[in-house]
Amino acid sequence: MSNKRKKILSVKNLEVKFRVRSRVLTAIRNVSFDLYDGEILALVGESGSGKSVITKTFTGMLESNGWINDGSIVYMPNQKTIDDKISYFKKPLDIVNIEKKLVAKDVIKFIKQKNNKKVKELNAQISKLEKISTNNFSQAKEIKLINSEIEKLRLSIEKNKDAAKEFTKRNQAAKVTKDENKLKDLELRKTTILDPRLQKEEIKKLQKNVIDLQVEIDKVTDLSFKDQAMIKEIIATIESFIETRKQVSSIEAEKINTYFKEKRYSTKFEMELKELIESIVQRNEVDEEHFSNIMFDWKEVLNTKAKTKANKLIREIRGKTIATVFQDPMTSLNPLLTVGFQITEVLIKQLKMTREEAKKEAIKLLTQVGISNPKSRYKDVPGQYSGGMRQRVVIAIALACRPKVLICDEPTTALDVTIQAQILKLIKELQKEYNFSVIFITHDLGVVANISDRVAVMYAGQIVEIGTTQEIFENAKHPYTWALLLSLPQLGTKGEDLYSIGGVPPSLFAQIEGDAFAPRNKYALAIDYILEPPMFKVSETHYAKTWLLHEKADKNIGPKNQIKKTQINGSKKTAETRSKKTSPASKGDTK
Ligand SMILES: Nc1ncnc2c1ncn2[C@@H]1O[C@H](COP(=O)(O)OP(=O)(O)OP(=O)(O)O)[C@@H](O)[C@H]1O
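Residues numbered from 1 in each chain as written. Predicted model: local features only at pLDDT ≥ 70, side-chain atom pairs only at ≥ 80, totals over all residues. Heavy atoms only, no water.

The name recorded for the chain in an unreviewed UniProt entry is ABC transporter ATP-binding protein, from Mesoplasma syrphidae. Taken verbatim from the UniProt record of the chain, the Sequence similarities (unreviewed entry) comment is "Belongs to the ABC transporter superfamily." (UniProt positions renumbered as here; feature names shortened; annotations may be inferred.)

**Concerning the overall build of the chain**
A count of helical and extended segments in the chain gives 22 helices and twelve strands. For the chain, the residues scored as buried account for 49% of the 591 residues in total. Across the chain, every contact between residues at least 6 apart in sequence was considered, and the portion connecting residues at least 24 apart equals 70%. As displayed, the chain offers around 30,600 Å² of accessible surface, 53% of which is attributable to carbon and sulfur atoms. (Helix = DSSP H or I, 4+ residues; strand = E, 2+ residues; numbered from the N terminus. Buried < 20%, exposed > 50% of the residue type's maximum accessible area, 1.4 Å probe, protein only. Contact = heavy atoms within 4.5 Å. Areas by Shrake-Rupley, 256 points an atom, 1.4 Å probe, with all protein chains shown as cover.)

**Here we look at a positive patch on the surface**
A cluster of basic residues, Lys-312, Arg-315, Arg-318 and Lys-352, forms a positive patch on the protein surface. Within the secondary structure, Arg-318 is located in helix 13 (residues 308–321). Overall, Arg-318 belongs to the partly exposed group, its relative accessible area being 33%. (Patch = residues over 30% accessible without salt bridge, like charges linked within 9 Å, V, L, I, M, F, W, Y side chains within 5 Å. Salt bridge = Lys/Arg side-chain N within 4 Å of Asp/Glu carboxyl O. Lys, Arg positive; Asp, Glu negative; His and termini not counted. Charge placed at Lys NZ, Arg CZ, Asp CG, Glu CD.)

**Topic: the sheet that holds strand 10 (residues 462–468)**
Read from one edge of the open sheet, eight strands run 6-7-8-3-9-10-12-11, paired in mixed fashion. Because the sheet does not close on itself, it has two edges, and the strands there are strand 6 (322–325) and strand 11 (536–539). Taking the axes of each pair of neighbouring strands and ignoring which way they run, one obtains an average angle of 20° across the sheet. When strand 6 meets strand 7 (residues 405–409), the two strands line up parallel, connected through four bridges. Across the sheet, the residue bridging to Thr-324 is Ile-407, located in strand 7. Strands in contact with helix 1 (residues 51–58) are strand 3 (40–44), strand 6, strand 7, strand 8 (437–442) and strand 9 (454–459); relative to strand 8, the strand with the most contacts, it is inclined by about 150°. Running at roughly 175° to strand 6, helix 17 (residues 387–400) makes contact with strand 6 and strand 7 of the sheet. (Pairing = 2+ DSSP bridges. Axes fitted to C-alpha atoms, helices over the stretch in contact; angles between N-to-C directions.)

**Concerning empty space enclosed by the protein**
Here the structure, examined in full by the defined rule, presents four cavities of 30 Å³ or more. Here the second largest cavity defines a volume of roughly 50 Å³. Around the second largest cavity sit Tyr-459, Gln-462, Val-464, Gly-514, Asp-515, Ala-516, Phe-517, Glu-532, Pro-533 and Lys-545, which together line it. Looking at the lining of the second largest cavity, its residues break down into five nonpolar, two polar and three charged. (1 Å grid on protein atoms, 1.4 Å probe; cavity = no way out; pocket = protein on both sides within 12 Å on 5 of 7 lines; lining within 4 Å. Points joined across faces, edges and corners; volume = space filled by probe spheres on them. Nonpolar A, V, L, I, M, F, W, Y, C, P; charged D, E, K, R; others polar.)

**Remarks on the side chain of Arg-390**
Structurally, the position occupied by Arg-390 is in helix 17. Buried and unpaired, Arg-390 has no salt bridge, with Asp-328 as the nearest side chain of opposite charge at 5.9 Å. The residues touching Arg-390, leaving out its near neighbours within four places in the chain, are Pro-329, Met-330, Leu-333, Pro-382, Gly-383 and Tyr-385.

**Section: the site of the ligand**
In the vicinity of the ligand there are 16 residues, among which Ser-47, Gly-48, Ser-52, Val-53 and Asn-65 approach most closely. Separating an oxygen atom of the ligand from a side-chain N or O atom of Ser-47 is a distance of 2.5 Å. The fraction of the free accessible surface of the ligand (620 Å²) that becomes covered by protein chains is 70%. Of all elements in the fold, only strand 1 (7–20), strand 2 (23–36) and helix 1 reach the threshold of two or more residues within the shell around the ligand. Of the residues forming the shell around the ligand, the biggest block, three residues, is contributed by helix 1. For the shell around the ligand, the residue count by class is six nonpolar, six polar and four charged. (Near = heavy atom within 4 Å. Polar contact = N/O pair within 3.5 Å; in protein donor to acceptor, adjacent residues only side chain to side chain.)

**Some details on the packing of aromatic side chains**
Describing an aromatic ring pair means giving the distance of the ring centres and the angle of the ring planes. Tallied over the entire structure, the rule returns six aromatic pairs. Arranged with centres 4.7 Å apart and planes meeting at 55°, the rings of Tyr-459 and Tyr-480 form a pair that is tilted. Here Tyr-459 is found in strand 9, whereas its partner Tyr-480 is found in helix 21 (residues 479–486), with 21 residues between them in sequence. When sorted by exposure, Tyr-459 lands in the same class as Tyr-480, which is buried. Judged by centre distance (5.9 Å) and plane angle (65°), the rings of Phe-536 and Trp-547 are edge-to-face. Remark: Trp-547 occurs in the loop between strand 12 (542–544) and helix 22 (565–581) and Phe-536 occurs in strand 11; sequence separation between them is eleven residues. On the basis of relative accessible area, Phe-536 is assigned to the buried category, the value being 16%. You can call Trp-547 buried: its relative accessible area is 10%. Geometry around Trp-67 places Lys-232 over its ring, the cationic atom sitting 5.6 Å from the centre. Of note, Arg-377 hangs over the ring of Tyr-385, and the distance from its end group to the ring centre comes to 4.3 Å. (Phe/Tyr/Trp six-rings, centres within 6.5 Å; stacked < 30°, edge-to-face > 60°. Lys NZ or Arg CZ within 6 Å of the ring centre and 35° of its normal.)

**Details of helix 10 (residues 268–283)**
Along its 16 residues, helix 10 runs 22 Å from first to last C-alpha, staying within 8% of the 22 Å computed at 1.5 Å per residue. Taken as a whole, helix 10 has its buried residues at Phe-269, Glu-270, Glu-272, Leu-273, Leu-276, Ile-277, Ser-279 and Ile-280. Within two residues after helix 10, Asn-284 carries a phi angle of roughly 60°, on the positive side. (Expected span 1.5 Å × (residues − 1).)

**Remarks on the sheet that holds strand 5 (residues 93–94)**
The pairing of strands in a sheet comes from backbone hydrogen bonds and takes either a parallel or an antiparallel form. Across the sheet, four strands lie side by side as 2-1-4-5; this open sheet has antiparallel pairing. Both outer strands of the open sheet, strand 2 and strand 5, are each paired with one neighbouring strand and no more. Relative to strand 2, strand 1 runs antiparallel, the two being bridged by ten bridges. The partner of Val-20 across the bridge, within strand 2, is Arg-23.

**Some words on the UniProt feature "coiled-coil region" (unreviewed entry) in the chain**
The sites that UniProt annotates as "coiled-coil region" (unreviewed entry) are residues 112–223 and 341–368. Along residues 341–368 one finds 89% helix and 0% strand; the C-alpha atoms at either end are 17 Å apart.

**A few points about helix 9 (residues 250–262)**
Since the α-helix packs 3.6 residues into each turn, any two residues three or four apart lie on the same face. Under the 1.5 Å per step criterion, the end-to-end length of helix 9 is 18 Å for 13 residues, consistent within 8% with the ideal 18 Å. In this fold, the buried residues of helix 9 make contact with helix 8 (225–244) and helix 10.

Here it is as structure tokens:
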């Protein structure tokens, strides 16, 4: 695959995080790659390596507990798209910018909402004090109210003090302290109300607070996307401490410390979070009540749906530019509606076709994806189709809007080997005909040997090796790619156990030091445990993230025999031959 081809998607330094029960995990760590116009790029790696998460970021399909923390994903429409009347995107478009609008306004909105609420409360207090200062009747009424509150508090304190003497009643002791503080406040308010000079001072103080909060409302709009992500991380860190009582790691504490040090202006909300974090780090304790008070409206803000514009754009991308085919066709199909109806709905909604035009086009699409008797099958519901045929229908729907990028997320994993070969062949044929680009996700390198132009190998949220399919199969450089190749059933010896990669991938909750694969890598070097390797260039099209490519590393390290793609092809061919014997496509899978 020549790098001279035009890029259609360019991913740079992508970082994706998820909040899981008040902890944060980093699922994608600084990933960069390009997708070229008309190519098939395979994303390969074990379960959990981040293949699906990456592609979900292209279409705004991350679950609500996930967000893009950093990086950019730029979609560049090709000439065909630009010339095409119905295509929606004519200019390069940074998908992350749209996503930011979807997820990042939360913090700004939250702080604004909180400050506005406080301003309202303060203004009410000011007007009450002003009223009291000019009206004796109001003053007497207020004093009466305060006196009755003071009386109630005194009674409550007496009662709880007795209970607190029993050593087990911790709650009562805390309540006594709280009530005593309230009592002090009320006494002070009473004195203020009775003294006109103090009253004026109090009004001035409150007015100053209002001004400070209003300045903050203006400033908070400047919070960058990164600031907001950091604030979310700090909140999660505090929540995690409350839940687990586990001390914050020194790396995290340092990161938070640096964030505050480098800030020119911090909002009151941030300052309060800073205080809470400091209390955790320095004294291993946190004022939970304070935290829940300042976070009171947080959850509501996170769930707001006021992100409609960005949502609309993302839907346009999802519908007209980047389509996805998932492993289980039933996740995309409605079991109660006929296949014909489901295809025509897309055509009518997205391409504004009339029902008649849509029907014609749907039958054409069904024919193209290899459904025999499309006119009669058009009226069947998905349950009347077999697994392989359903997947063909999903492909037809995905192609209905002529996408420029088709994401295939393990589309053949649930199918038996013969049907799998048919579907792969179909995708390849359609791709040639319509010249869209494909990102093919799979955990099985063997599946992509025949279909992909390039392969990107993923491990623990990173791309560890990328190259043309031939380079990856015949000249792999990363020990993880060697392990994947060696565990292919096609390469196993009859009667012997298949090679399996020992150990488990690292936890994505923790900061990963050095090379993430080192603990499972029998060729690991000492440096792998200390320093993360960079991407080393092997050729114009081939890069690998392993210290074994460093000029000082021993070049003889690695498995003795390199694997030939032809070995994989051989076994894939057998599957294809089997499928051809039962073709046309429908024969092996006629239902
Ligand atoms: N909604 C979520 N909440 C929390 N963690 C998530 C969420 N979605 C994905 N992850 C985590 O992100 C990491 C990458 O997941 P991803 O689904 O991309 O893996 P994958 O390589 O596609 O694997 P698989 O083949 O099993 O789907 C995993 O550790 C997963 O647990």
